[in-house]
Amino acid sequence: MKRSELLSRILITVTIVGAIGTPLFIWARTPLIHASVAEDGGWNPDTIQAHIGVPLHLKLTSDDVVHGFAVGQIDMQSVDVLPGKVTDLTLTFDKPGIYTFFCTRWCGLNHWRMRGTIEVSGSPSEPEPATVPMYVTLNLDIDVLHDSPVVPKQTPSAIRGQELITNSPILRSSNYYRSHSPYQVFDDLSDTSLTESQRWDVVAYLWRSNTSKDSFANGKQLYTQNCAACHGENGSGDGVFADDLTAAGEASMQTMTGADDMMMQSPVDFTNPVRMLGASPALLQGKILRGGMGTGMPMWGSIFTEEQIWDLIAYIYSFQFEYQQ
Amino acid sequence: MAKIELTRNPFIKNALKSRYPQLAVFIVMLVGYIFAILAGLIGTSVGSHNFSIVFVWIAWWAILILVAVPFFGRGWCAVCPIPLPGEWLQRGAVLSPPDKKPKWLNLRVPKMFRNIWLQNISFLLLALFSSVLLTTPNITGIVLAAMLFAAIGLSTIFERRSFCRYLCPVGGFIGLYSQTAPIELRVKDKQVCVKCEGKPCYNGSQAGYGCPWDVFPGGLTKNTYCGLCMECIRTCPHDNIAINLRPFSADLAKPSTRMDEAFKSFIMLGSAMIYAGVLLGPWGAFKNAAYNVGTGAWFLYAIIFLAIIFVILPGLFTLGILPTKSTLPLKQRFASLSTALIPLGLLFWVAFSLSFVLTNASYILAALSDPLGLGWNLFGTANTTWQPMLTSLLAPAQTLALVGGLIWSARTAQKAANEIKISSIPVIAFCFITTLVMLWLLL
């Protein structure tokens, strides 16, 4: 074989092996977390291992549309995960446990299904006792109807209620507020000299006085980011996914026995006083924590902290009450 | 305008005669091609950020249809990497002269396939799946790999570059449109070829290989099937091969008489119009139908696509030329006059391609720095934001291309009609109507 032929063959072989081997090598050493809409698999991988105190470096990329990434129960700003781009992120956990990460962008109908877990191992410096949610301690059945038998003729006003409030410390306690529905408080006030309308105004004031400006703002932000896609910006159950969710739910139920009894419900209308004034904050806590109820309502217990859920609930009631003039 | 022989220039002649410059280009192209396959298979599934989509369907396509084909004819075929591994395997060598005994089956392609019908079919297959192919990296990777392996497989069964000549989906239309290009490979003196013993340009010699494109250069009158591989320049013992600069569309003065080439004109013309409507138009239902391969809507889209190309456009064309008075059979008139559609088709594709190339060219910089979507920033351009380019020039450029194509085709129609002594008016009217439709679709 001539020398030129031999050299050509070597050159071709080396360059082709290089063209294949180099990208393959680098690709294999770049573990990416891929995000795609839930219908196409959601997060891949959806389980990540970490150790307390050891920085966890993540490289996130989207295979389709813009997604977001955040981890529940920890204090972090969500980051955007862009199609074809790589987002670098470093997290450090100081408590062991199973954390839920989730998509923070309304990426599609099943956006809320885009979740995964980070399993953080290691021994905690100080063991924390588990707290039992209030709806459990009150033994509330969150799946039964809780309609209010009476609804106000006009929107209850916290401003008017403030002028009428009695000095009952029970009415002002946070436990009382959380464990009673607005209707129950309205009913408790029946032995006063207040008119029906005034009693509702006092209820509105009680609800406002059990949240702070910051908590309310935090609840509003959480609602806008996580709830409005289905329940609507104005709480009326008409979010951008509402119709599609209902249609998809109905379609999926068609094949099931007893489908008529189990029809997928539309996202709840928070402006409906019959439903909302019959629900206590503790009941709503249960619904938010667990989700379900025969609807597409996700489980938020692994994502929101207890404080965040109370803030969110305080904001949700604002669709029933006038808090400001 | 007289022809200018470029190979008179010693630098050009030596560069073409030596195998090394071509080999260097081949290696770069082959590495790029293999990288594109790999990028399609392992890179990000987001097409606009994947090297395979951006460099094949935006960068390569722009160079091919806006520069290579109009100005260099089969210039792309001269550097195309697809046939190389198969050809090296077939020859058992990269540079060395061929053995006398073939290493593989070395069969002749059956006569029934020695036309461009298979190329017409392969192009249409890609065209029908193009909405998915052009946007899905792994499909692009698979198709690129399939073409490479098909070329290798055919090289072990048939002689010469059977893939390029008879199957390549791109080669068919490049050949058709290369007739308009201002460059050609021709013999200087046909009498020299007549007297030449052994015809090494076709049969090979110690100086090089017989024409890989199965063409006898001494008989070349059109660019259509000359792949500009330059092998005959190396093998001709009489220095009788020249690369010439010539006027545009010189080959169109000799109208084709082949139905496979005639239908190629309609396939290309119709595809450009359908693409303009489906890919660039405002009709979401068409886009969805084209994208959802395998659904009922897609089958309907495929039927309409094929009907436009094989029934509606040729039907209207035939209806137009039917009343023309001529002793020639209709089939021959159809084939000859369809030559007029070649410049029009080419400029339809130029106008269509300008739209999506200028719209998407900014992806090239980002994909260059991060070709696999792994977060690299090789040249500091990974975060280049998408921005359409030269938008104010787009509509005027497209209009110019389409009107220019119409005038060019009308002139070609006159020549083709004169050749067979019939009226050119029906063909010009056909070109006029299709140009109006294309203008409406694009603007």
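From a predicted model like this one, the values you see are computed outputs, not experimental measurements.

## Some thoughts on the overall build of chain A
Of regular secondary structure, chain A possesses 13 helices and nine strands. On C-alpha atoms alone, chain A measures out to a radius of gyration of 26 Å, which is more than a quarter above the 20 Å that the 2.2 N^0.38 rule sets for 325 residues. When its C-alpha atoms are laid out on the principal axes, chain A stretches across 110 × 50 × 40 Å. Long-range pairs, those at least 24 residues apart, make up 73% of the contacts in chain A between residues at least 6 apart in sequence.

## Structural notes on the domain arrangement of chain A
Residue and element names in this part refer to chain A. Domain annotation for chain A reports domain 1 (33–121) and domain 2 (134–319). Taking the mean C-alpha position of each, domain 1 and domain 2 sit 29 Å from one another. With nine residues of domain 1 at the contact, the number on the domain 2 side is twelve residues.

## Some words on the sheet that holds strand β3 (residues 241–245) of chain B
Read across the sheet, three strands follow the order β1-β3-β2 (chain B) without closing on themselves; strand pairing throughout is antiparallel. The two strands at the open ends of the sheet, each matched to only one other strand, are β1 (4–5) and β2 (183–187) of chain B.

## Remarks on the packing of helix α6 (residues 117–128) of chain B against helix α14 (residues 259–280) of chain B
Residues and elements named next belong to chain B. At a closest axis distance of 9 Å, the pairing of α6 and α14 adopts a crossing angle of 15°. The orientation of α6 relative to α14 falls into the category roughly parallel. Both α6 and α14 take part in a crossing whose hand is left-handed. Of the residues in α14, those touching α6 at W117, N120, F123, L124 and A127 are D260, F263, K264, I267 and S271. Grouping the constituent residues of the contact of α6 with α14 by class yields six nonpolar, two polar and two charged.

## Some points on the interface of chain B and chain A
In this assembly, 21 residues from chain B lie in contact with 22 residues from chain A. Looking at the side of chain B that touches chain A residue by residue, the classes come out as 14 nonpolar, seven polar and no charged.

## Some thoughts on the pairing of strand β9 (residues 115–121) of chain A
All names here are of chain A. Of the two faces of β9, only one is covered, namely that formed by G116, I118 and V120; the face formed by R115, T117, E119 and S121 stays uncovered. Summarising the sheet, strand β3 (residues 47–51) and β9 pair through five bridges and their orientation is parallel. In the strand pairing of β9, H51 is matched with S121. As paired strands, strand β8 (residues 97–102) and β9 are joined by six bridges and run antiparallel to one another. Among the inter-strand pairings, F101 is bridged to a residue of β9, identified as G116.

Parameters and conventions
- Residues numbered from 1 in each chain as written.
- Chains lettered and ligands numbered in written order.
- Predicted model: local features only at pLDDT ≥ 70, side-chain atom pairs only at ≥ 80, totals over all residues.
- Helix = DSSP H or I, 4+ residues; strand = E, 2+ residues; numbered from the N terminus.
- Rg over C-alpha atoms; globule rule 2.2 N^0.38 Å.
- Contact = placed C-beta atoms within 7 Å.
- Domains from an automatic or database assignment.
- Pairing = 2+ DSSP bridges.
- Axes fitted to C-alpha atoms, helices over the stretch in contact; angles between N-to-C directions.
- Parallel < 35°, antiparallel > 145°, perpendicular 65-115°, else oblique.
- Left-handed = near helix turned anticlockwise from the far one by under 90°.
- Nonpolar A, V, L, I, M, F, W, Y, C, P; charged D, E, K, R; others polar.
- Buried ≥ 20, exposed ≤ 12 C-beta atoms within 10 Å, placed from the backbone.

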